[in-house]
Each structure stands twice: as structure tokens, then as C-alpha cells.
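Structural overview
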Amino acid sequence: MGNKFLQYFALTIAVIGAVNWGLIGFFNLNLVSLLFGSMSWISRIIYGLVGICGLYLFTFYSLVDQESQEA
């Protein structure tokens, strides 16, 4: 159960980060900075979590490889 929670948590945080980057790219709007302040300690924690979750999601490639071998 804990592993599923970690997977969903990492995926959710990475999606939030992706949406933030999309807003920056299309509208020059940094939602994290807007909500929590530019490089405040909360913003830095959010950016850190997005980075860590993105790195964790690299392990999902092994899950995709396992599914292709089972089929």
C-alpha cells in the first residue's frame, strides 16, 4: 500500500510541476511564486519535491518494460 501511495504522490507532484512549467512557458506566470512568494522557503520545498518526484518517476520506465515483457 505504501508503494502505491508513493507512486500516486510522486505522479501528482510531477503533474503540478509540469502545469507550473506550462504556465511559465505560455503565459510567463509562475504559479508557485505567485502563491507562496518568490523563492520563499515554501517555494523552495515545492521545487525540491517536484525535482525529487521527477527523479523517482524514472523508476516507472522499469514498470513499462515489465508490462511489455508480460504481454
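Keep in mind that this is a model prediction, so the values were computed, not measured. (Residues numbered from 1 in each chain as written. Predicted model: local features only at pLDDT ≥ 70, side-chain atom pairs only at ≥ 80, totals over all residues. Heavy atoms only, no water.)

**So, the overall build of the chain**
Where we set the bar: Numbered from the N terminus, helices here are DSSP runs of H or I no shorter than four residues, and strands are runs of E no shorter than two. As defined in this context, the radius of gyration uses C-alpha atoms, and a globule is described by 2.2 Å times the residue total to the power 0.38. Three exposure classes are used, based on accessible area relative to the maximum for each residue type with a 1.4 Å probe and protein chains only: buried under 20%, partly exposed in between, and exposed over 50%. Throughout, a residue-residue contact means that at least one pair of heavy atoms, one from each residue, lies within 4.5 Å.
Regarding its fold elements, the chain presents four helices and zero strands. Scanning the chain from its N terminus toward the C terminus, one meets helices and strands in the order α-α-α-α. Radius of gyration (C-alpha) of the chain: 15 Å, far over the 11 Å computed for a compact globule of 71 residues. Split into buried and exposed, the 71 residues of the chain put 17% on the buried side. In the chain, the proportion of contacts linking residues at least 24 apart, taken out of those at least 6 apart, comes to 48%.

**Let's talk about unusual backbone geometry**
Residue Asn28 is not a glycine yet carries a positive backbone phi of 55°. Within the secondary structure, Asn28 is located in the loop between α1 (2-27) and α2 (31-36). You will see that Met39, though not glycine, has its phi angle at about 55°, which is positive. Here Met39 lies in the loop between α2 and α3 (41-56). Exposure remark for Met39: the relative accessible area of 44% places this residue in the partly exposed category.

**A few points about the nonpolar core**
What counts is decided by this rule: We define a nonpolar core as any set of buried Ala, Val, Leu, Ile, Met, Phe, Trp, Tyr and Cys residues linked to one another through side-chain atoms lying within 4.5 Å.
Counting residues in each nonpolar core, the largest one holds five residues, listed as Ala10, Ile13, Ala14, Cys53 and Leu57. Considering each element in turn, this core owes the most residues, three residues, to α1.

**Looking at the environment of Gly37**
By the secondary structure assignment, Gly37 is in the loop between α2 and α3. Residue classification places Gly37 among the partly exposed positions, given a relative accessible area of 26%.

**With respect to the side chain of Ser43**
Positionally, Ser43 belongs in helix α3. Residues in contact with Ser43, not counting those within four places in the same chain, are Val32, Phe36 and Gly37.

**A look at the packing of aromatic side chains**
So the rule is basically this: When two rings of Phe, Tyr or Trp (its six-membered ring) have centres within 6.5 Å they constitute a pair, described as stacked for plane angles under 30 degrees, edge-to-face for angles over 60, and tilted for the intermediate range.
Taken as a whole and judged by the stated rule, the model has four aromatic pairs. On the basis of an interplanar angle of 55° and a centroid distance of 6.4 Å, the ring pair of Phe26 and Phe27 is categorised as tilted. Pair check on accessibility: Phe26 and Phe27 agree, each one exposed.

**A word on the confidence of the model for the chain**
Note the threshold: For every residue, the predictor states its confidence as a pLDDT score lying anywhere from 0 to 100.
Averaged over every residue, the pLDDT of the chain is 91; residues scoring 70 or more account for 94%. Least confident of the elements in the chain is helix α4 (residues 60-70), whose mean pLDDT is 78; most confident is α3, at 96.

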